[in-house]
Amino acid sequence: DVKVTQSSRYLVKRTGEKVFLECVQDMDHENMFWYRQDPGLGLRLIYFSYDVKMKEKGDIPEGYSVSREKKERFSLILESASTNQTSMYLCASGLAGGETQYFGPGTRLLVL
Amino acid sequence: DQQVKQNSPSLSVQEGRISILNCDYTNSMFDYFLWYKKYPAEGPTFLISISSIKDKNEDGRFTVFLNKSAKHLSLHIVPSQPGDSAVYFCAASLPYGGATNKLIFGTGTLLAVQP
């Protein structure tokens, strides 16, 4: 079974704080992804990575950055959190060349 | 510009009957289509997929139909069970380059199966 874990299930931060969301997968997948889910908008891709130290912008990268120093770990960074970044953040991983992505449980982030 | 659309935000079905969830898309370059199921406060779980060269894929109670000419796919659940109550997301896979596929998601349909 694929296991994708995220460091926190719930997080409360203040506006302007730097926020780190961590994701770890145990299936040796090459590809990793960060999404946010908002009501009525579905899942939107923020960033993805197809290899260590490689990253690509998704559809809504503004206000975010990522880091992939090891194959199993993909971090999402909010450089200066804002209230409009309050959301459910979902990490996923998948095999190179594979279409299926496997998701973690999500982190619900509230920015006050 | 929404490339994957789920026009029904919600659907209510009686237990034992068929649930039909619909999805429309605009991009002819999508090579796979997937359905995910999501319970509240959990991540989406993969349910079933179909290649763009097929028109039907079946897995137990779940069948996905693809109509390429209409750019439409549907998920059929027969018989529906109360445990099927969840949000269902349709997703389309777009080859990005190299060995990476991007998934484009619809906005989801909340299915409620009434006992």
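What this report covers is the structure whose coordinates are included nearby.

Calculation notes
- Residues numbered from 1 in each chain as written.
- Chains lettered and ligands numbered in written order.
- Predicted model: local features only at pLDDT ≥ 70, side-chain atom pairs only at ≥ 80, totals over all residues.
- Heavy atoms only, no water.
- Pairing = 2+ DSSP bridges.
- Helix = DSSP H or I, 4+ residues; strand = E, 2+ residues; numbered from the N terminus.
- Axes fitted to C-alpha atoms, helices over the stretch in contact; angles between N-to-C directions.
- Disulfide = S-S within 2.5 Å.
- Buried < 20%, exposed > 50% of the residue type's maximum accessible area, 1.4 Å probe, protein only.
- Core = buried A, V, L, I, M, F, W, Y, C linked by side-chain atoms within 4.5 Å.
- Contact = heavy atoms within 4.5 Å.
- Buried area = accessible area lost by both parts, 1.4 Å probe.
- Salt bridge = Lys/Arg side-chain N within 4 Å of Asp/Glu carboxyl O.
- Polar contact = N/O pair within 3.5 Å; in protein donor to acceptor, adjacent residues only side chain to side chain.
- Nonpolar A, V, L, I, M, F, W, Y, C, P; charged D, E, K, R; others polar.

1. Some points on the sheet that holds strand 1 (residues 4–5) of chain B
For step 1, the next point in the chain: Judged by pairing direction, the sheet is antiparallel, and its 5 strands sit side by side in the order 1-3-8-7-6 (chain B) without closing on themselves. In the strand order of this sheet, the two ends are held by strand 1 and strand 6 (56–59) of chain B, each with one partner.

2. Describing the sheet that holds strand 7 (residues 64–70) of chain A
Adjacent strands of a sheet pair through backbone hydrogen bonds, lying either parallel or antiparallel.
Residues and elements named next belong to chain A.
For step 1, the next point in the chain: If you trace the 4 strands from one edge of the open sheet to the other, you get 1-3-8-7, paired in antiparallel fashion. The two strands at the open ends of the sheet, each matched to only one other strand, are strand 1 (4–6) and strand 7. Neighbour-to-neighbour, the strand axes of the sheet open up by a mean angle of 20°, direction not taken into account.
For step 2, the next point in the chain: Where strand 3 (residues 19–25) and strand 8 (residues 73–78) come together, 6 bridges link them in antiparallel fashion. The residue bridging C23 from the neighbouring strand is F74, located in strand 8.

3. Remarks on the state of the cysteines
For step 1, the next point in the chain: Within this structure, the stated rule accounts for 2 disulfides over all chains.
For step 2, the next point in the chain: Between the sulfur of C23 of chain A and that of C91 of chain A lies a disulfide, 1.9 Å long from S to S. Its S-S torsion of about -80° marks the bond between C23 of chain A and C91 of chain A as left-handed, since a negative value means left-handed. Of the two residues, C23 of chain A is situated in strand 3 and C91 of chain A in strand 9 (residues 87–94); the sequence distance between them amounts to 68 residues. The pair formed by C23 of chain A and C91 of chain A is uniform in burial state, with each residue classed as buried.
For step 3, the next point in the chain: Residue pairing for C23 of chain B: its cysteine sulfur links by disulfide to C90 of chain B, the two sulfurs lying 2.0 Å apart. Disulfide C23 of chain B-C90 of chain B: torsion about the S-S bond near -75°, hence left-handed.

4. A few points about the nonpolar core
For step 1, the next point in the chain: Counting 25 residues, the largest nonpolar core has F30, F33, W35, L73, L75 and Y88 of chain B as the members making the most contacts within it.
For step 2, the next point in the chain: Those elements that place two or more of their residues in this core are strand 3 (19–25), strand 4 (32–38), strand 5 (45–51), strand 7 (62–67), strand 8 (72–77), strand 9 (86–97) and strand 11 (109–114) of chain B.
For step 3, the next point in the chain: Ranked by residue count, the leading element in this core is strand 9 of chain B, at 5 residues.
For step 4, the next point in the chain: Judged by nonpolar contacts, the second largest core, of 20 residues, contains V19, C23, M32 and Y64 of chain A.

5. So, the interface of chain B and chain A
For step 1, the next point in the chain: On the side of chain A, 27 residues touch chain B, which itself brings 21 residues to the contact.
For step 2, the next point in the chain: For the pairing of chain B and chain A, the buried interface totals around 1900 Å² over both sides, and the portion due to carbon and sulfur atoms is 60%.
For step 3, the next point in the chain: Viewed at the interface, chain A and chain B are joined by 1 salt bridge.
For step 4, the next point in the chain: Seen at the junction of chain B and chain A, the total is 4 residue pairs in polar contact (both at pLDDT 80 or more).
For step 5, the next point in the chain: The set of elements that each furnish at least two residues to the side of chain B that touches chain A consists of strand 4, strand 5, strand 9 and strand 10 (100–105) of chain B.
For step 6, the next point in the chain: The greatest single-element share of the side of chain B that touches chain A, amounting to 5 residues, is contributed by strand 10 of chain B.
For step 7, the next point in the chain: A breakdown of the residues in the side of chain B that touches chain A according to their chemical character gives 11 nonpolar, 7 polar and 3 charged.

6. Observations concerning the side chain of S49 of chain A
Residue and element names in this part refer to chain A.
For step 1, the next point in the chain: Mapped onto the elements, S49 comes out in strand 5 (residues 42–49).
For step 2, the next point in the chain: Given a relative accessible area of 0%, S49 falls into the buried group.
For step 3, the next point in the chain: At 2.6 Å, the side chain of S49 forms a polar contact with the backbone oxygen of M54.

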